[in-house]
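# Close look at the chain arrangement
One-letter residues, chain by chain:
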Amino acid sequence: MATNRKFKELIHRHRTHFLAHKTRPYSFRLNQLKNLLKLYEENNDLILSSLKNDMNKSKLEAYLYEVDFMKNDVRMAIKYLKNWMKETKLKMNLLMPMDDAGIVGEPEGVVLILSPWNYPFQLTLIPLCAAIASGNCVVIKPSEISPHSSKTIATLIPRYLDTDCYSVVEGGPDVVGALLEEKFDHIFYTGSFTVAREIHRMANKYLTKCTFELGGKSPVYLDSTVDVTMAAKRIMWGKCINVGQTCVAPDYVICTKSMETKFLTAAKLAMDEWYGPDWKKAEDLARIVNLRHFHRVKDLLLSGGEVGLGGKWDEEELWIEPSVVVNVKETDKIMTDEIFGPLLAIYNVESEDEAIEFINSRPSKPLCLYVFSASKATMKRFRDETQSGTMAFNDTIVQFAVDELPFGGIGESGHGYYHGKFGFDEFTHFKGIVYRDYSWIGDQVGIFRYPPYSALKIKILSFLLCHWKKFKFIYFDYFGEIFLFLAGFFVAWWVFQL
Ligand code: NAD
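Just so we're clear, the structure is a prediction, and the values are computed from it rather than from any experiment. (Residues numbered from 1 in each chain as written. Predicted model: local features only at pLDDT ≥ 70, side-chain atom pairs only at ≥ 80, totals over all residues. Heavy atoms only, no water.)

### Some thoughts on the pattern of salt bridges
Within the structure shown, the criterion is met by 32 salt bridges. A salt bridge links arginine 287 to glutamate 317; its shortest N-O distance comes to 3.4 Å. Taken together, the positions of arginine 287 in the loop between α10 (257–275) and α11 (291–301) and glutamate 317 in the loop between β11 (313–314) and β12 (319–320) put the pair 30 residues apart, joining distant regions of the chain. On the basis of relative accessible area, glutamate 317 is assigned to the partly exposed category, the value being 38%. Among the charged side chains, a salt-bridge network with shared partners connects Lys280, Arg287, Asp314 and Glu317. (Salt bridge = Lys/Arg side-chain N within 4 Å of Asp/Glu carboxyl O. Helix = DSSP H or I, 4+ residues; strand = E, 2+ residues; numbered from the N terminus. Buried < 20%, exposed > 50% of the residue type's maximum accessible area, 1.4 Å probe, protein only.)

### As for unusual backbone geometry
Between proline 451 and the following residue, proline 452, the backbone shows a cis peptide bond with an omega angle of 0°. Counting through the fold element by element, proline 452 comes out in the loop between α16 (440–445) and α17 (455–467). Despite not being glycine, leucine 207 has its phi angle at roughly 50°, a positive value. Note that leucine 207 resides in the loop between α8 (193–203) and β7 (209–213). Judged by its relative accessible area of 70%, leucine 207 is exposed.

### Let's talk about the domain arrangement of the protein
Split into domains, the protein comes out as domain 1 (2–214 + 422–429), domain 2 (219–403) and domain 3 (437–497). Taking the mean C-alpha position of each, domain 2 and domain 3 sit 63 Å from one another. (Domains from an automatic or database assignment.)

### Remarks on the site of the ligand
Around the ligand lies a shell of 24 residues, among which Lys141, Glu144, Tyr189, Leu214 and Glu338 are the nearest. Within the contact set of the ligand, an oxygen atom lies 2.7 Å away from a side-chain nitrogen or oxygen of glutamate 144. Burial of the ligand by the protein amounts to 90% of the accessible area it has alone, namely 840 Å². Put simply, the parts of the chain that give the shell around the ligand at least two residues each are α7 (173–179), β6 (186–190) and α8. Across the shell around the ligand, the residue classes tally to 13 nonpolar, seven polar and four charged. Domain assignment of the residues forming the shell around the ligand places at least three in each of domain 1 (2–214 + 422–429) and domain 2 (219–403). (Near = heavy atom within 4 Å. Polar contact = N/O pair within 3.5 Å; in protein donor to acceptor, adjacent residues only side chain to side chain. Areas by Shrake-Rupley, 256 points an atom, 1.4 Å probe, with all protein chains shown as cover. Nonpolar A, V, L, I, M, F, W, Y, C, P; charged D, E, K, R; others polar.)

### Examining helix α3 (residues 44–55)
Here α3 contains twelve residues, and its C-alpha end-to-end distance of 17 Å stays within 8% of the 16 Å for a straight helix at 1.5 Å per residue. Along α3, the positions that sit buried rather than exposed are Asn44, Ile47, Leu48, Ser50, Leu51, Asp54 and Met55. For α3, the arc enclosing every buried residue in end-on projection is 160°, short of the 170-degree limit, so these residues lie on one face. Positive phi shows up at asparagine 56, right after α3, with a value of about 55°. (Expected span 1.5 Å × (residues − 1). Arc of directions from axis to C-beta.)

### Points about the packing of aromatic side chains
This structure, assessed with the given rule, holds 15 aromatic pairs. Note on tyrosine 221 and phenylalanine 382: the rings are 4.7 Å apart at their centroids and 20° apart in plane angle, and the pair reads as stacked. Residue tyrosine 221 is located in strand β8 (residues 219–222), and its partner phenylalanine 382 is located in helix α14 (residues 376–385); the two are separated by 161 residues in the primary sequence. A centroid spacing of 6.0 Å and a plane angle of 80° characterise the contact between tryptophan 274 and tyrosine 275, whose relative ring orientation is edge-to-face. Assessed through its relative accessible area of 32%, tryptophan 274 is described here as partly exposed. The rings of Phe69, Phe188, Phe400, Phe407, Tyr418 and Phe427 are connected pair by pair, giving a single aromatic cluster. For the cation-ring pair, lysine 57 lies above tyrosine 119, with the distance from its terminal atom to the ring centre recorded as 3.6 Å. (Phe/Tyr/Trp six-rings, centres within 6.5 Å; stacked < 30°, edge-to-face > 60°. Lys NZ or Arg CZ within 6 Å of the ring centre and 35° of its normal.)

Right, here's the structure in full:
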């Protein structure tokens, strides 16, 4: 009860400052974004040690996929903020020649960001950056499963950002339940499909807009035209980052039996080259985040098929070796559940047609689809005949690193987009506005709409409404307006004579 009151007061405080327009000015947003960048720059070591403590994330992965990623993102927002905030002016045409129209992006209000544990900084602070850029007040709730990172976020945010407008609440599902008793203007949720449905149910109380960044199974198609050594390296690299606890990690490979044999040999060579003969001793491989997830992944490893590579585990160290599972059936648990760990299944098909049919027949649309092929025709077929949140040819995960690309799922893998301008847009309401001319002349131009109606008035209006697009080439700049002034005047005068 006390928690509920605390949250009510917190959200009320943020809403009061939002309604006082504190977060709207360009200068305020810019300052907060600069402070966010400072937070990243001044706290590298703390961020890295939190990630090490939570899941033994290696220094390189922590730098590249969390800190550097966030720095790039906020630098881009700082650079383009003014541009993103600009009103878009529309060119007017015959229908409303004396008027202006524009699209203004306005902030939504007080938004809630709920994040997962696997990239606890990146998946919390990149949406935060977008929400600040678009002028919102924000409540953040990081995952309780990565407690060191959650604590660091909760400690740093009030030190760098304006506490009237941004706050961090720590805790698990009960805290989310209590928060969602209150009204938010947008919920940005990253996590699992099952919990997303629960969040959606709670959000319905106020019909709150939700962005869902979810997971699922991301397939890889591998055909016989590729250089299998390079393909195996790129697939295993995508699988081994954060030991597969990555939403965009390859989940299973679809290929022929003969490609499978070549892939297994190449994958083993790559793994030994990177991690030495005993992969467990490698500094660069993370651990499973907790015992619950350890057992979940281990059960998947034993749920069907045979181990083709790897296959060892150590419960005490929360270690599961990166493993490839072959001879799986489509009904095996490893082929129906999201893996979200260091296992890669291989599902055999005979042809490209069969692979496309298999991907399209799955109950959920993939978050990502990876296709390895040297054939342009094959690439085109997969691009046009399958659906997925994002796609990459001849590599895995790299699409995530292109700031200008939208990132988001489709169907069960989520809805909504972010990264760069797409994040700004996601937290923005686009208000369409018409600036009507208020002069006598302007009124004469539109005089046909007023009663009493006549057959001629209806004809003129209907002509303008139905055919104005044909005259789109006439844009009413300065000279056009003079022309219209005269034409409108003449037509109005003519109608008055009827
Ligand atoms: P999760 O759904 O268990 O938790 C996410 C957030 O929801 C956390 O803040 C948690 O406290 C909260 N939560 C958990 N259970 C809840 C409940 N019953 N009621 C209310 N709130 C609850 O997800 P996770 O285990 O942290 O992350 C793994 C999932 O997230 C995977 O499915 C993965 O694919 C997905 N994911 C997606 C992306 C993406 O960008 N699309 C990125 C990372 C992870």
